[in-house]
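# A closer look at the structure
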Amino acid sequence: MTTMSHPRSTVPMIATGEATAILPTETTSPIRVIGTASIRETFDELCIQQAINSRTAPGVTDLVLNPDAHCGYGAPVGCVMVSPSHIYPGPVGVDIKCSMSLLQLDVPAEAIEDRTVRRALIAAICKRTPTGAGKGQRSVSNGRRVNRSLGMKAVIEGASEAVCEQLGIPIRWADRCEDSFHVGHDDTQEALASRLDWLLTQRHMTNFAEKMTQLGSYGGGNHFGECEVVEVGADDRSKQVAETFGLRDGKVAFLSHCGSRGFGHNLASGQFKTLQEKFSRWSIPLPAGDRQLVYAPLGSDEADGYLDDMALGANFATVNHLLINALVLEAFQEVIPGTTGDLVYFISHNIARKEIIDNVPSWVHRKGATRAFPGGHHALAGTPFAESGHPILLPGNPRDGSAVMVADEGAEKSCYSVNHGAGRILGRKQAKRTLDQSTIDSELEDHDILSNCRFYPKDEAPAAYKDFNEVLSSVKQAGLASEVARLKARFVIKDASKADD
DNA sequence: ATGTCC
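Residues numbered from 1 in each chain as written. Chains lettered and ligands numbered in written order. Predicted model: local features only at pLDDT ≥ 70, side-chain atom pairs only at ≥ 80, totals over all residues. Heavy atoms only, no water.

### Notes on the overall build of chain A
Defined as follows: Helix and strand assignments follow DSSP, with helices taken as H or I runs no shorter than four residues and strands as E runs no shorter than two, numbered in order from the N terminus. This radius of gyration counts C-alpha atoms alone. The globule rule is 2.2 Å times how many residues there are, raised to the power 0.38. Think of it in three bands: residues with accessible area under 20% of the maximum for their type are buried, residues over 50% are exposed, and the middle band is partly exposed, with areas taken using a 1.4 Å probe on protein chains only. Working rule for contacts: check all heavy atoms of both residues, and any pair within 4.5 Å makes them a contact.
When you go through chain A residue by residue, the secondary structure sums to 13 helices and 19 strands. Computed over its C-alpha atoms, the radius of gyration of chain A comes to 21 Å, within 12% of the 23 Å expected for a compact globule of 501 residues. Overall size of chain A, expressed as C-alpha extent along the three principal axes, is 60 × 50 × 50 Å. Counting only residues that meet the buried cut, chain A has 61% of its 501 residues in that class. For chain A, the share of sequence-separated contacts (at least 6 apart) that also reach a separation of at least 24 residues comes to 76%.

Structure below.
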């Protein structure tokens, strides 16, 4: 872990309304901190130190610390790092393209009021989309079984027409993705194909081919599937934007959070190890002495390798999400015949993208941060969201709900980014030690929220996370985005295999 | 986050 050399009390902070700037040095531009006074109290010293380390690392031109920030691998989870010249694997994160997706169904809230209907839906979804470490696909749909060659095609092509067709994913959903596919360092798919062939020969990529067949599964930790009722805001703008997004007030929707599973993990951890060995062998100084902040200058073989690996992992996550949504829709159709549904959006919070920041083409690393392009942003031209801005999907907690937001003009000052959720306030061990199981379970019961878990995981309880409304207030008060709708949980699907640790 | 340590 990083050694603390800048105690919090010595870090100069400049308040700019509800956004606060920390000055890492006298010569670099400030870190912009998005957070109300109470949110700023949630940043511990290591989190702030990681932000300073990241801001002062080679080639970095901007850093934003979001209200949901907490300690991460090298950089805080909940930050945006911008560089025109360098790529940083740590500030993308270990779960490459961890993302959110939202499926709007035409089912009225009343249709799932009956607990037996919700129990049947939980069973139908769990039958198709497994949870837990090491768990692969157990699709009951013959046409959607992922063998090795289809897995390879998916990680090379992403949500291409052919991949969608083979997996029974409606092709129109590809237009509802932040990015429906990723290409290699030279902007070609061929780079990914040859990189994949090479990776498959590498010893440290253990069971790599099998990991590609885990498409259509949730995994564990904070990943989840959640059945929601949509509550669109009462104001005219919310109603109008909700219509553009395809959100339907008072109807059922399904929110998913997952990433690139063991496949992306293997790629990310392989890159950390490879780059750390090179830094060590070549005696290159580490940013702030932190080996978790290894980097590669763009144009180097190392950067090319990382960008290819990131793209492969990102393609896995993309197809994984779309397949999960297709399987969830199929589950609803099994329980409630005739159900139709469409993807609202699919958007990541762990990815580096090429964007233009302050007129400079840069790699924007979002580590636990969500892209937030407002209406009129050049990159949205030709998409369904050119005028409105795209949907921003933010998981909160089952008790307070989750949120759909839309960016405002002010998002420019946060490098077109907002938070990615509530953000952890208690470490997993701390949560397991201090939180009471029956309090957690009875709170969900009081809200009539069902779950596939006999005991809800303590380290995932609402109390293990920051106050979601305070986090959202930070974003709104800084002028970054506005809330369009709240999603109220009706049942949750999570990995319960480690709930009794 | 991840078959939870190379």
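Okay, back to it.
### Considering helix 4 (residues 148-157)
Within helix 4, seven of the 10 residues are buried, which leaves the element mostly enclosed by the surrounding structure. On its buried side, helix 4 packs onto helix 5 (161-167), helix 6 (189-199), helix 9 (261-282) and helix 10 (301-335). Just beyond helix 4, the residue with positive phi is G158, at close to 65°.

### Some thoughts on the protein's contact with DNA strand B
Using the following cut-off: Summary of the distance rule: residues count as near a molecule or strand when at least one heavy atom falls within 4 Å of that molecule or strand. Two N or O atoms count as a polar contact when they lie within 3.5 Å, although within protein this holds only if one can serve as hydrogen donor and the other as acceptor, and sequence-adjacent residues are included solely when both atoms are side-chain atoms.
Taken together, 15 residues sit near DNA strand B, with G134, G220, G221, N222 and K273 positioned nearest. Sugar and phosphate atoms represent 72% of those atoms of DNA strand B found within 4 Å of the protein. In the model, a base oxygen of DNA strand B is placed 3.3 Å from a nitrogen or oxygen of the H265 side chain. The contact in question runs from a phosphate oxygen of DNA strand B to an N or O atom on the side chain of R428, over 2.8 Å.

### Let's talk about the packing of aromatic side chains
Applied cut-off: Ring geometry is summarised as follows: Phe, Tyr and Trp rings, the Trp one being its six-membered ring, pair when their centres sit within 6.5 Å, and such pairs are stacked at plane angles under 30 degrees, edge-to-face over 60 and tilted between the two.
Inspection of the entire model under this criterion finds 10 aromatic pairs. Ring geometry for F254 versus F332: centroids 6.4 Å apart, planes at 75°, classification edge-to-face. With F254 in strand 9 (residues 251-258) and F332 in helix 10, this pair connects stretches of sequence that are 78 residues apart. On the basis of relative accessible area, F254 is assigned to the buried category, the value being 0%. You can call F332 buried: its relative accessible area is 0%. Relative to Y295, the ring of F279 has its centre 5.0 Å away and its plane inclined at 85°; by these criteria the two rings are edge-to-face. Taken together, the positions of F279 in helix 9 and Y295 in the loop between helix 9 and strand 10 (296-297) put the pair 16 residues apart, joining distant regions of the chain. In this pair, the class of F279 matches that of Y295, namely buried. Joined through ring pairs, the aromatic side chains of Y88, F279 and Y295 make up one cluster.

### Considerations on the nonpolar core
As a reminder of what qualifies: The set of buried Ala, Val, Leu, Ile, Met, Phe, Trp, Tyr and Cys residues whose side-chain atoms join them within 4.5 Å is what this entry labels a nonpolar core.
Ranked by internal contacts, the top residues of the largest apolar core, which has 94 residues, are L65, F254, M310, F332 and F491. Per-element accounting of this core gives the leading share, 18 residues, to helix 10. Aside from chain neighbours lying at most four places away, what touches F491 is R118, L121, I122, I125, G225, E226, C227, F254, I449 and L450. Among the nonpolar cores identified, the runner-up in size contains 38 residues, and A403, Y465, L472 and A489 belong to it.

### Things to note about the packing of helix 6 against helix 10
Operational definition: Where helices are involved, their axes are fitted lines through C-alpha atoms of the stretch in contact, as for all axes, and angles between N-to-C directions lie from 0 to 180°. An angle below 35 degrees is read as roughly parallel, one above 145 as roughly antiparallel, one from 65 to 115 as roughly perpendicular, and any other as oblique. The nonpolar class holds Ala, Val, Leu, Ile, Met, Phe, Trp, Tyr, Cys and Pro. Asp, Glu, Lys and Arg form the charged class, and all remaining residues, Gly among them, are polar.
Helix 10 packs onto helix 6 with a crossing angle of 95° between their chain directions and a minimal axis gap of 10 Å. One element, helix 6, and the other, helix 10, form an angle in the roughly perpendicular class. Taking contact as the criterion, the partners of A191, L192, R195, L196 and L199 in helix 6 are, on helix 10, G305, D308, D309, A311, L312 and N315. Here the contact of helix 6 with helix 10 is composed, by residue class, of six nonpolar, two polar and three charged.

### Let's talk about the pairing of strand 9
Rules: Strands were regarded as paired on the criterion that DSSP finds at least two bridges between them.
The element strand 9 is extensively covered by neighbouring structure, given that eight of its eight residues are classed as buried. In strand 9, alternate side chains face the same way, and those of K251, A253, L255 and H257 on one face and V252, F254, S256 and C258 on the other are all buried. In the sheet, strand 7 (residues 99-108) pairs with strand 9 via seven bridges, with the strands oriented antiparallel. Paired with S101 across the strands is S256, a residue of strand 9.

### Some points on the confidence of the model for chain A
Rules: The pLDDT value tells you how sure the predictor is about a given residue, anywhere from 0 up to 100.
Of the residues in chain A, 92% have a pLDDT of 70 or more, and the chain-wide mean is 92. Confidence over residues 1-18 falls short of pLDDT 50; this stretch has 41 contacts with residues more than four positions distant or in other chains.

### Here we look at the environment of V60
Looking at the secondary structure, you find V60 in the loop between helix 2 (45-55) and strand 4 (62-70). Taking the C-alpha atoms as reference points, V60 and T244, separated by 184 residues in sequence, lie 36 Å from one another.

### Brief notes about the pattern of salt bridges
A side chain with one charge can pair with a side chain of the opposite charge if their charged atoms come near. Threshold: Salt bridge, as used here, is a side-chain nitrogen of Lys or Arg placed within 4 Å of a carboxyl oxygen of Asp or Glu.
Scanning all chains against the criterion turns up 28 salt bridges. Among the ionic pairs, D187 bridges to K354, the shortest N-O distance being 3.8 Å. Of this pair, D187 sits in the loop between helix 5 and helix 6 while K354 sits in strand 12 (residues 350-357), placing them 167 residues apart in sequence. Just as D187 is exposed, K354 falls in that class too. A salt bridge links K273 to E277; its shortest N-O distance comes to 3.8 Å. Within this pair, K273 and its partner E277 are both found in helix 9, separated by four residues, close to a single helical turn.

### Let's talk about unusual backbone geometry
Unlike most non-glycine residues, R261 shows phi in positive territory, near 55°. By the element assignment, R261 lies in helix 9. Assessed through its relative accessible area of 12%, R261 is described here as buried.

### A word on the state of the cysteines
Threshold: For this text, the term disulfide refers to a pair of cysteine sulfurs within 2.5 Å.
In the structure shown here, the tally under the stated rule is zero disulfides. Unpaired in terms of disulfides, C71 finds its nearest cysteine sulfur in C47, a separation of 5.4 Å. The thiol sulfur of C227 is not disulfide-bonded, and the nearest other cysteine sulfur, from C126, lies at 12 Å.

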